[in-house]
2 protein chains.
Amino acid sequence: MSFVQRLRTAQHAFASRVCVGLDPVPERLPAPFADHRTDPQALADFCIAIIEATAPHCCAYKPNLAFFEAQGAAGYAALESVIEAIPNTHLCIADAKRGDIGHTARFYARGLFDHLGADAITAAPYMGRDSILPFLRTPERGVFVLTRTSNAGSADLQECPIDAKGDLPREPVYQRIARLVQRWSAHPESEGDAGLVVGATAPEALAELREVCPALPFLIPGVGAQGGDASAVVDAAVTNDGLILVNSSRSIIYASDGDDFADAAAEAAAELQAALG
Amino acid sequence: MSFVQRLRTAQHAFASRVCVGLDPVPERLPAPFADHRTDPQALADFCIAIIEATAPHCCAYKPNLAFFEAQGAAGYAALESVIEAIPNTHLCIADAKRGDIGHTARFYARGLFDHLGADAITAAPYMGRDSILPFLRTPERGVFVLTRTSNAGSADLQECPIDAKGDLPREPVYQRIARLVQRWSAHPESEGDAGLVVGATAPEALAELREVCPALPFLIPGVGAQGGDASAVVDAAVTNDGLILVNSSRSIIYASDGDDFADAAAEAAAELQAALG
């Protein structure tokens, strides 16, 4: 079963487009962890409690590797146990934003897919096709390529107009990347699925990108549990063929800093689930 | 002492501009490791032997994290022991090519600088300023930003002409990135040093980028131990203010697959050292 089919199955099973982002910061761990916040095991225990509480309301989890790597090999071991705890009914997106030459990208694929067991990863497009294609060689797995991010610095490069080239039109950098990802995903040797990372903050860009890539899945960060922009995101990006996976990290996992943190996280995930319809 | 001053000191001490890239691949480990190639400890032992043998001929080492992460937490622990083995007289560039929103980039900085103890790292510019500035907040450390890489896919984005914007001229994407890195490095809160990653395969691009960034250090991969392009690289990119650090990985560390692998690596490093003048 392809990654997109697996995503569709998981979304159907839980009636949810929500992805819970696991970005654990020692200083922000809730009350029950107060005595051992700097212990990498606390990161794992916190994330595992969040997973158990939120599973009925989401279809995927997205651990961001930065927060585990910050604690070195012990943090990496914590990441392994967190991924182990994600139920088989849910998908795991390793948010790694990797991008290196083809030879090296194959080893990132080995680490993220084969060793960590992620179902999909995120990758950066600056180095072009041979930095992305190795992530498409693994059947049933996916790669979401950074396309239009929602941070302040995204305007530095992503929104800049770039010349036409061959049969590619003049367009902003982020649209060019979307068009290239679409091609790479159709490469004859691509056995996995490609998708785009597109921030929720600009619904009009979401709609443009959906026209360029009618059937690629979009991973959409930047929606909070409040659900304010959720319906705009759904209107702009959801079609029969085009799935979206909406990620929320901090507004779910830090919904409470008290003993009720897991219940509060479940409630925040359920609110986002409902807002995404 | 700034990162650039430390680099200058190390280059002077060893009369070398060579950086030895540590990209260990289990299948390629030489004869002495034949019985335990898949053991992460073998990766560490191999790299440490390479470090001991090549230290007189280089000023820096560049472990690429992909090859360690491929083996998970145990591989990450091997990376920690490799970095531990780099002499204090030499610099360590963690080749991580990270790039994420500012909040997350701070945790990558924590992992790569504070935990691993790298002197500099590599980073990807697709997400713009707030993905790079957190790596410039650490005094005495450096960040080399991907600018013009030497792989096949680099043409997909990096060489495309991009419109003028504000006081930035119309120019290829890689020149725009160089100009932005130059600005970010001069940001009032930047206490570290920025540099560029520029492939050795296009000396004319090296010369253009040296004009745009007269004093930034360049990390230059893509030169083999044969020294063919070495003098062209030196002519194009070295000035009194502008240091270069020339990386070679596979042609040094796999110079021999026999019992003499360490001696052969030393010889290959010495040849590149001589070719770079």
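Just so it is clear, the model here is predicted, and its values are computed rather than measured.

Novice: I would appreciate a short explanation of the interface of chain A and chain B in the present structure.
Specialist: Contact residues are listed per partner, giving 59 residues for chain A and 59 residues for chain B. A combined buried area of about 5100 Å² lies between chain A and chain B, and 57% of that area is made up of carbon and sulfur atoms. One can count ten salt bridges joining chain A with chain B. Two residues, A:Asp163 and B:Arg170, come together in a salt bridge whose shortest N-O distance is 2.4 Å. The interface formed by chain A and chain B contains 30 residue pairs in polar contact (both at pLDDT 80 or more). Here the element with the most residues in the side of chain A that touches chain B is helix α5 (residues 102–115) of chain A; it accounts for seven residues. When the residues that make up the side of chain A that touches chain B are grouped by side-chain class, the tally is 28 nonpolar, 15 polar and 16 charged.

Novice: What am I meant to see in helix α8 (residues 173–185) of chain A here?
Specialist: For the α-helix, the turn length of 3.6 residues means that residues three or four positions removed from each other point alike. End to end, α8(A) covers 18 Å across 13 residues, agreeing with the expected 18 Å (1.5 Å per residue, within 8%). Those residues of α8(A) that sit buried are A:Val173, A:Tyr174, A:Gln175, A:Arg176, A:Ile177, A:Ala178, A:Leu180, A:Val181 and A:Trp184.

Novice: Please clarify how the relation of the copies chain A and chain B should be interpreted in this entry.
Specialist: For the pair chain A and chain B, the best superposition has an RMSD of 0.0 Å and corresponds to a rotation of 180 degrees with a translation of 0.0 Å parallel to the axis. A rotation of that kind, with that shift, is consistent with a two-fold axis. Minimal C-alpha separation from the rotation axis in chain A is found for A:Ile162, amounting to 2.3 Å. The fraction of interface residues of chain A whose copies in chain B are also interface residues reaches 100%, indicating that both copies meet through the same surface.

Novice: Sorry if this is basic, but what is going on with the UniProt feature "active site" (unreviewed entry) in chain A here?
Specialist: Feature annotation in UniProt places "active site" (unreviewed entry) on A:Lys97, given in this structure's numbering. Mapped onto the elements of the fold, A:Lys97 is located in strand β3 (residues 91–98). Look past the residues within four positions of A:Lys97 in its chain and what remains in contact with it is A:Asn64, A:Thr122, A:Ala123, A:Ala124, A:Leu146, B:Lys97, B:Gly99, B:Asp100 and B:Met127.

Novice: I would appreciate a short explanation of the pattern of salt bridges in the present structure.
Specialist: Side chains bearing opposite charge may pair, as long as their charged atoms lie close to each other. Overall, the coordinates contain 30 salt bridges over all chains when judged by the stated rule. Notably, a salt bridge pairs B:Arg98 with A:Glu69, separated by 3.0 Å at the nearest N-O pair. Of the two residues, B:Arg98 is situated in strand β3 (residues 91–98) and A:Glu69 in helix α3 (residues 65–69); the pairing between them involves two chains. Summarising the burial analysis for this pair, B:Arg98 and A:Glu69 share the class buried. What you see here is one network of salt bridges that share partners, running through A:Lys62, A:Asp95, A:Lys97 and B:Asp100.

About the thresholds
- The numbering scheme is per chain: residues are counted from 1 as the chain's sequence reads.
- Ligands are numbered from 1 and chains lettered from A, in the order in which they are written.
- Under the rules for a predicted model, residues below a pLDDT of 70 receive no local features and side-chain atom pairs below 80 are neither given nor counted, while totals for whole chains, interfaces and linings still include all residues.
- Think of the side-chain values as coming from all heavy atoms in the structure, minus any hydrogens and water.
- The contact criterion used is simple: two residues touch if any of their non-hydrogen atoms lie within 4.5 Å.
- The term buried area denotes the loss of accessible surface (1.4 Å probe radius) that occurs when two parts are joined, taken as the sum for both partners.
- Take a side-chain nitrogen of Lys or Arg and a carboxyl oxygen of Asp or Glu: if they are within 4 Å of each other, that pair is a salt bridge.
- N or O atoms closer than or at 3.5 Å make up a polar contact, with two conditions inside protein: a donor-capable atom paired with an acceptor-capable one, and, for residues adjacent in sequence, both atoms drawn from side chains.
- Numbered from the N terminus, helices here are DSSP runs of H or I no shorter than four residues, and strands are runs of E no shorter than two.
- Polarity classes work like this: nonpolar for Ala, Val, Leu, Ile, Met, Phe, Trp, Tyr, Cys and Pro, charged for Asp, Glu, Lys and Arg, and polar for all others, with Gly in that last group.
- A helix is expected to span 1.5 Å for every residue after the first.
- Note on exposure labels: buried denotes an accessible area under 20% of the residue type's maximum, exposed denotes more than 50%, and partly exposed covers the range between, all computed with a 1.4 Å probe on protein chains only.
- Only residues with pLDDT of at least 70 in both copies count here: their C-alpha atoms drive the least-squares fit that superposes the copies.
- UniProt positions are given in the numbering used here, feature names are shortened, and annotations may be inferred rather than shown by experiment.

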